[in-house]
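# Structure at a glance
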Amino acid sequence: MSCFVPLIPTTEALAPQVGESASLLHQAQQAGQTVPPSWIIPARYFHQTLQKLGAREPLLTDWPQLLWQTTEPAGYSVQQIAKRLRQPLINLPLDLPWDEVLAAVNTPTVRLLPSLWLGDDRATIPWGQMLAAPVCWAEPEAMEAALKQVWLSALDAKSLTFWQFWRSTQAEAGAHYPATVDLAVIVQAVEPTTFSGTLTVRPSTLAIAAVEGLPRALGECCPATFNGSLPRLPHFPWQLGYQEACYQPRDRSEADSQTLIEPGVAKVERSRLQLTVPDPVEQLLWSLAQWLIQWSAQPLHLEWHLHAASGILQIAQLHVWPLRPYEVQAILPEPATSAAMTGRGAAPGTAQGHALILLPGQPAPVSAHRQIIIASEIAPDQLPLLKTASGVVAERGGLTCHAAVLARELGLPAIVGVPHATTRLQPGEALEIDGDRGLLTRLPQLPSVPPVSPVPTVELAPTQTEIWVNLSQPDIAAAIADLPVTGVGLLRSEWLMMPVLERQHPYHWLATGQKELLLKRLEQQLRPILAAFHPRPVRYRTLDIRTSEFAQLVGAPAVEPNPMLGVRGAFSYHHQPQFFDLELTLLKRLQEQGYGNLQLVLPFVRTVEEVVYCRAAIAATGLQQSPDFALWIMAEVPSVLFQLPQYVAAGIQGIAIGTHDLTQLLLGIDRDQTIFAAPYDETHPAVQMAIAQLIDAAHQTDIPTCLCGSSPTHHPEFVAAAVRQRVTGLSVDVSALALTTQIVQQAEIGG
């Protein structure tokens, strides 16, 4: 067999050597479908390479059994094993005859796709989608580096963890390990493409996603989508997409980068944001879906490209799709009386409880008694009520609204953006909330299930990147402090004080001469957190409230025309210095009681002058005399992007990147509106570039950075990018600690 096997003469007899995807592509091509020019590096070359390296690392000779070893060698973590397995391959010259492929390639760019074989009856896509699929120049050195990247991804910690999880769930159910694990690699030409996307065909339903240009944009935008049965006519009721930029291959002569991997694809800005699918494209997709349903009785998942020059729809990848309809129904049961209500999962976890409907203008009860709160929106002063609930559902708001952020800190499952929930549900109905999938289901009756602790019980392995926790509630501080976190990275003062305000605005306490009483109450709230984490740092963020948020409290100032950009954050301390003085007094008192682990974070800083003013007030209290005291700012206003050296010169010792406010200010959106939740978040390229710039500027000015937000739960790739950019730390909600640690470990070892 030649080193490179063209796709056209591939036969089913070669399936174990070319893999499931290449075998299916060959069958589709033989049946009349068009496939981009492709060649296969058979699986035997991967096996031969591992055997060659066995003298350097004996574990490699145990492939594929090493994937499901029952125990790791004593003293080794999954990450350490992955590093051992990968290291011998990194510097090994492969000496493959690339000229065989290059003689037939007529594009400057190719991509390498894994094509797995796990036996005749086992789908490969669950693991295959986790492996690398790099794009590179059609040049020997670049292609060798890309091939190693694919092979290395089969040996990384993510792959080992996948099989560990498989072992713990499937093997106990009687499933057998794959009889063989073969890894072939498809070398495929990358050609100009007008539209691309994915298509999943099941016996009765379709799922289509479409973007302009190459499919790389699928992970960066909100694609146009369709889910449902194949319509009788070639017209789909698309869900509108949003796409700012697309990707196309570029000519080698135009490249100025010497990077081997991922240089041959250019990012092209689109002239409009909305993404629609033209009639000719959906007609081609309709015909392809119809053909697939007739061609194969098993569910299939494919990647499709519309070739720019020929206008022909091509199948670029093809896999058996393992999720059968009956399995989906088993996971998502439809209640007999009414369809399940869906929204956007905002805080993970599941819970059951009776519905507690909170209607606007009506007084809220003192306690929720472990019920699921159903409200139009959640106000900050409802924090005491939330602490007695089992879940939260809000009609309005996005992933960064008060309902979402409060629920994540309290460990409550939450769903936002559920239309008309307060009118569609009846008080006292038995409900189950799934905050991971955004699903609210009616139940005939409540099962007898004990309440679940919001504190995770998993062990957190050490990482080079610091892992901090967001915490503002003293009643769970001791339990969380037992976890191996670096400290409290974000303590929101407004949430700390809310339970003791008795529905009086903080300013009203001072105006009515109750300063000393409020100080004592705040001491009682803050002291348990400081004591639980001592000597680890606790970063106290001073008051940052918009006039619209506490408007329902007694003595609240008038609501401004634009509260989001009004008197808030550090600016408010100059405008209303009394309460900032109270907070500094509170911190100084606790510092004098021996809690030297206090640090201070200034929120929503707009100018250097605000820092100068606040630093003078801090100096007047003597807080900075403690050796462990540090002054940080929230980097959430774009001005910090351009003036970080000036902020450092003014005395700033660290920045906490607030992704919520930074996103809405960069993109000009209201983060509390559900309509902006999907296409406008921290994964937007503008926000990613801003965060990368902040981290780089912090390195240049020699100050630490801490990324604060909910990204691990919803956008793990965003967190991994920050780790690779060498962010100092991540501060996340309690519910995201375990997931964050896993993401960080994977990113730190290069996965």
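Our structure's up above, just so we're on the same page.
Predicted model only: the values in this text are computed from it and were never measured. As a convention, each chain's residues are numbered from 1 in the sequence order in which they are written. For a predicted model such as this one, the threshold for reporting local features is a pLDDT of at least 70, and the threshold for listing and counting side-chain atom pairs is 80 or more; totals across whole chains, interfaces and linings nevertheless cover every residue. Hydrogens and waters are ignored; side-chain quantities use all the structure's heavy atoms.

In this section: the overall build of the chain. Secondary structure elements follow DSSP: runs of H or I no shorter than four residues count as helices, runs of E no shorter than two count as strands, and numbering proceeds from the N terminus. Per the secondary structure count, the chain includes 25 helices and 30 strands. Among the 751 residues that make up the chain, the fraction classed as buried is 56%. A separation threshold of at least 6 residues defines the contact pool for the chain, and within that pool the share at least 24 residues apart is 70%. If you sum the accessible surface of the chain, you get close to 31100 Å²; carbon and sulfur atoms cover 54% of it. Only protein chains enter the accessibility calculation, which uses a 1.4 Å probe. A residue is then buried if its area is under 20% of the maximum for its type, exposed if over 50%, and partly exposed in between. The contact rule is simple, with two residues in contact once any of their heavy atoms fall within 4.5 Å. Per-residue accessibility takes into account occlusion by the displayed protein chains alone, with areas from the Shrake-Rupley method and a 1.4 Å probe.

A few words now on the layout of surface pockets. With a 1 Å grid laid over protein atoms only, a set of points is called a cavity when a 1.4 Å probe fits there but cannot get out and a pocket when it is open yet has protein on both sides within 12 Å along at least five of seven lines; lining residues have an atom within 4 Å of a point. Grid points are joined across faces, edges and corners, and a volume is the space filled by probe spheres set on the points. Each pocket or cavity is described by its volume, and for the second largest pocket that value is around 1200 Å³. Those elements that provide at least two residues to the lining of the second largest pocket are β17 (350-358), α10 (383-386), α11 (402-410) and α21 (659-667). By residue class, the composition of the lining of the second largest pocket is 25 nonpolar, 10 polar and 9 charged. Under the grouping applied here, Gly and all other residues not named as nonpolar or charged are polar, the nonpolar ones being Ala, Val, Leu, Ile, Met, Phe, Trp, Tyr, Cys and Pro and the charged ones Asp, Glu, Lys and Arg.

Let us now look at helix α8 (residues 279-295). Between its first and last C-alpha, α8 extends 24 Å over 17 residues, near the 24 Å set by a 1.5 Å rise per residue. Those residues of α8 lying buried are Val281, Glu282, Leu285, Trp286, Leu288, Ala289, Trp291 and Leu292. For α8, the secondary structure elements touched by its buried residues are α1 (15-30), β6 (193-201), β7 (206-212), β13 (300-307) and β14 (313-320). For a helix, the expected span equals 1.5 Å multiplied by the residue count minus one.

Here we come to the nonpolar core. Across soluble globular proteins, you tend to see nonpolar side chains buried next to one another. Counting 116 residues, the largest nonpolar core has Ile373, Phe533 and Ile655 as the members making the most contacts within it. Leave out the neighbours within four places in its chain, and isoleucine 373 touches Leu356, Leu358, Ala368, Ile378, Leu385, Leu386, Ala389, Gly391, Val392 and Val393. Counting residues in hydrophobic clusters, the runner-up holds 49 residues, among them Leu60, Trp63, Ala138 and Ala142. For our purposes a nonpolar core is just a set of buried Ala, Val, Leu, Ile, Met, Phe, Trp, Tyr and Cys residues, chained together by side-chain atoms within 4.5 Å.

On to the pattern of salt bridges, then. Just to be clear on terms, a salt bridge is a Lys or Arg side-chain nitrogen sitting within 4 Å of an Asp or Glu carboxyl oxygen. One pass over the structure, following the stated rule, counts 14 salt bridges. The salt bridge involving glutamate 212 is made with arginine 270; its shortest N-O contact spans 3.2 Å. Taken together, the residues span a long stretch of sequence, with glutamate 212 in strand β7 and arginine 270 in the loop between β11 (265-269) and β12 (274-275) at a distance of 58 residues. Where arginine 541 meets glutamate 494, a salt bridge forms, and the shortest distance between an N and an O atom there is 2.4 Å. In this pair, arginine 541 sits in strand β25 (residues 538-541) while glutamate 494 sits in helix α14 (residues 493-497), placing the two residues 47 residues apart along the sequence. It is possible to trace a salt-bridge network through shared partners that takes in Glu516, Glu523, Arg527 and Arg589.

For the rest of this paragraph, the subject is the sheet that holds strand β20 (residues 414-416). Any two strands with at least two DSSP-identified bridges between them are counted as paired. Spatial ordering of the open sheet is given by β15-β22-β21-β17-β18-β19-β20-β16, a layout of 8 strands whose pairing is mixed. In the strand order of this sheet, the two ends are held by β15 (341-342) and β16 (344-347), each with one partner. Relative to strand β19 (residues 391-394), strand β18 (residues 372-375) runs parallel, the two being bridged by 4 bridges. Bridge pairing links isoleucine 374 to valine 393 in β19.

You can see leucine 491 is positioned in strand β24 (residues 488-492). Exposure remark for leucine 491: the relative accessible area of 0% places this residue in the buried category. C-alpha separation for the pair leucine 491 and leucine 471, spaced 20 residues apart in sequence, amounts to 5.3 Å. Excluding residues within four positions of it along the chain, leucine 491 makes contact with Leu471, Ser472, Leu496, Leu526, Ile529, Val538, Arg539, Tyr540 and Arg541.

Here we come to α1. The end-to-end C-alpha distance of α1 is 15 Å, clearly below the 22 Å that 16 residues give at a rise of 1.5 Å each. What we call the bend at a residue is the angle made by axes fitted to the seven residues finishing there and the seven residues starting there. Most pronounced at serine 21, the bend in α1 amounts to some 75°. Buried residues of α1: Ala15, Val18, Gly19, Glu20, Ser21, Ala22, Ser23, Leu24, Leu25, His26 and Ala28, and no others. Of the surrounding elements, those touching the buried residues of α1 are β2 (38-41), β3 (109-117), β5 (182-189), α8 and β14. Trailing α1 by a residue or two, glycine 32 shows a phi angle of about 110°, which is positive.

Axes here mean lines fitted to C-alpha atoms, for a helix over just the part in contact, with angles spanning 0 to 180 degrees between N-to-C directions. Between helix α18 (residues 577-592) and helix α19 (residues 608-621), the least distance of the axes is 10 Å, while the angle of their chain directions is 45°. As judged from the angle between their axes, α18 and α19 are oblique. The handedness of the crossing between α18 and α19 comes out as right-handed. On α19, the residues touching Pro577, Phe580, Leu584 and Lys588 of α18 are Tyr613, Cys614, Ala617, Ile618 and Thr621. In terms of residue class, the contact of α18 with α19 is built from 7 nonpolar, 1 polar and 1 charged. When an angle is under 35 degrees it counts as roughly parallel; over 145 it counts as roughly antiparallel; between 65 and 115 it counts as roughly perpendicular; any other value is oblique. By convention the crossing between two helices is left-handed if the near helix lies anticlockwise of the far one by an angle smaller than a right angle, and right-handed if it lies clockwise.

Turning our eyes to something else, we now look at the side chain of glutamine 188. With respect to the element layout, glutamine 188 can be found in strand β5. With a relative accessible area of 0%, glutamine 188 lands in the buried category. A polar contact is formed between the side chain of glutamine 188 and the side chain of serine 38, at a distance of 3.2 Å. When residues no more than four places from it in sequence are discounted, the contact partners of glutamine 188 are Leu25, Pro36, Pro37, Ser38, Val110, Arg111, Leu113 and Ala316. Here a polar contact is taken to be a pair of N or O atoms separated by no more than 3.5 Å, where protein atoms must pair a possible hydrogen donor with a possible acceptor and residues adjacent in sequence count only if both atoms sit in side chains.

What follows concerns the packing of aromatic side chains. Only Phe, Tyr and Trp rings take part, Trp by its six-membered ring, and two of them pair if their centres are within 6.5 Å. Stacked means planes under 30 degrees apart, edge-to-face means over 60, and tilted covers everything else. For the structure on display, the rule yields 9 aromatic pairs. Cation placement over rings: the criterion is NZ of Lys or CZ of Arg within 6 Å of the ring centroid and within 35° of the ring normal. Across the ring face of phenylalanine 604, the terminal group of arginine 568 is positioned such that the distance to the ring centre comes to 3.7 Å.

In this section: unusual backbone geometry. Excluding glycine, a negative phi dihedral is what most residues carry, and trans is how most peptide bonds are arranged. The omega torsion of the bond from histidine 534 to proline 535 falls at 10°, within 30 degrees of zero and hence cis. When you line up the elements, proline 535 lands in the loop between α16 (515-533) and β25. The backbone phi angle of arginine 370 is positive, close to 60°, even though this residue is not glycine. Turning to its location among the elements, arginine 370 is positioned in the loop between β17 and β18. With a phi close to 60°, histidine 420 is a non-glycine residue in the positive phi region. You can see histidine 420 is positioned in the loop between β20 and α12 (421-424). Classification of histidine 420 by relative accessible area gives exposed; the value is 55%.

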